[in-house]
Amino acid sequence: MVWLAHLAGTLLPATRALRLDDTLKQFAAPLHEQVDLSREAANLQRFNQNFRRARAVSFPLPLYPLVSPDVLVESFEVGRHISHYISAKEGSHPYRVRLAELGSGTMLQMMLVDNLIHSDLHPGNILVRLEPPQGLLGLAYRTLRSLADPNAPVMRALRSSLDALGKQQHNPSSSSSSSKGAAAFASSVSMQPTS
């Protein structure tokens, strides 16, 4: 395309003042940078480095040696599109304010501190991953979550024991079945792996 602009400038002297070949070169330079996927991989590494202390923000990792100017393979990130949390249909989601604060803080760090901005921040590129709390609060959270799941091993064992106790209530002649049901419940709970 540049050669065509140069040819036009040579054959049509009136177009020389437009400097079409220089204009095309200036326009093409940033486009070449944008389509060089190895440059995008380097920027992903910089984003990860810049936000290494930010617990709430992460970026995909480029997977070397599967990166070249024509190919970029990066880690798969699990999460839900941010539009789920900020959509008007959803009403006032409890995380809207926190996500807005986090997003604006992230953009300010990119602009004012790091001087490197991810300029393609549409909802498809922003995923929200809610992680349970850690420590004692996390243990309580995981326990309550497992109790809320009717198919969790603890709940199946509890149902089984309650069924055995219910049968024992209807058939009082078998007093040993009550202790067997309780022992079965205790052994099945203690043998389940923790998650």
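Relevant structure appears above.
Residues numbered from 1 in each chain as written. Predicted model: local features only at pLDDT ≥ 70, side-chain atom pairs only at ≥ 80, totals over all residues. Heavy atoms only, no water.

A.B. asks: Whenever I open this one, the overall build of the protein chain confuses me. Can you help?
C.D. replies: Helix and strand content of the protein chain: eight helices and two strands. Taken from the N to the C terminus, the helices and strands of the protein chain come in the order α-α-α-β-α-α-β-α-α-α. Put simply, 45% of the contacts in the protein chain that link residues at least 6 apart link residues at least 24 apart. With an accessible surface of roughly 14,700 Å², the protein chain has 61% of that area assigned to carbon and sulfur atoms. (Helix = DSSP H or I, 4+ residues; strand = E, 2+ residues; numbered from the N terminus. Contact = heavy atoms within 4.5 Å. Areas by Shrake-Rupley, 256 points an atom, 1.4 Å probe, with all protein chains shown as cover.)

A.B. asks: Can you walk me through the side chain of N48 in this structure?
C.D. replies: Among the secondary structure elements, N48 is positioned in helix α3 (residues 37-50). Polar side-chain contacts of N48 include one of 3.1 Å to the backbone oxygen of P60. (Polar contact = N/O pair within 3.5 Å; in protein donor to acceptor, adjacent residues only side chain to side chain.)

A.B. asks: Can you help me understand the pattern of salt bridges in this one?
C.D. replies: Side chains bearing opposite charge may pair, as long as their charged atoms lie close to each other. Tallied over the full model, the rule gives one salt bridge. One salt bridge connects E77 with R129, and the closest N-O pair in it is separated by 3.4 Å. Residue E77 is found in the loop between α3 and β1 (80-81), and its partner R129 is found in the loop between β2 (127-128) and α6 (135-148); the two are separated by 52 residues along the sequence. Using a relative accessible area of 25% as the deciding quantity, one classes E77 as partly exposed. Taking relative accessible area as the criterion, R129 reaches 38% and is therefore assigned partly exposed. (Salt bridge = Lys/Arg side-chain N within 4 Å of Asp/Glu carboxyl O. Buried < 20%, exposed > 50% of the residue type's maximum accessible area, 1.4 Å probe, protein only.)

A.B. asks: So what exactly am I meant to see when it comes to the nonpolar core here?
C.D. replies: Soluble globular proteins tend to bury their nonpolar side chains together. Core analysis: the biggest nonpolar cluster contains seven residues, these being L44, F47, F51, V57, F59, M110 and L116. If we ignore the near neighbours within four places in the chain, the residues touching L44 are F59, P60, P62, L72 and E74. (Core = buried A, V, L, I, M, F, W, Y, C linked by side-chain atoms within 4.5 Å.)

A.B. asks: What is the right way to look at the environment of T106 in this model?
C.D. replies: Following the sequence through the fold, T106 ends up in helix α5 (residues 96-114). Between the alpha carbons of T106 and A54 there is a distance of 9.3 Å; along the sequence they are 52 residues apart. Not counting residues up to four positions away in its chain, the partners in contact with T106 are F51 and V57.

A.B. asks: Is there a simple way to explain α3 in this structure?
C.D. replies: Since the α-helix advances by 3.6 residues per turn, residues separated by three or four positions end up pointing in the same direction. The terminal C-alpha atoms of α3, which comprises 14 residues, lie 20 Å apart, in line with the 20 Å expected from a rise of 1.5 Å per residue. All of the buried residues in α3 are A41, L44, F47 and N48. Across the axial projection of α3, the buried residues extend over an arc of 115°, all falling on one side. Those residues of α3 that are buried are in contact with α5. (Expected span 1.5 Å × (residues − 1). Arc of directions from axis to C-beta.)

Bear in mind that shape data such as this cannot, by itself, settle questions of function.
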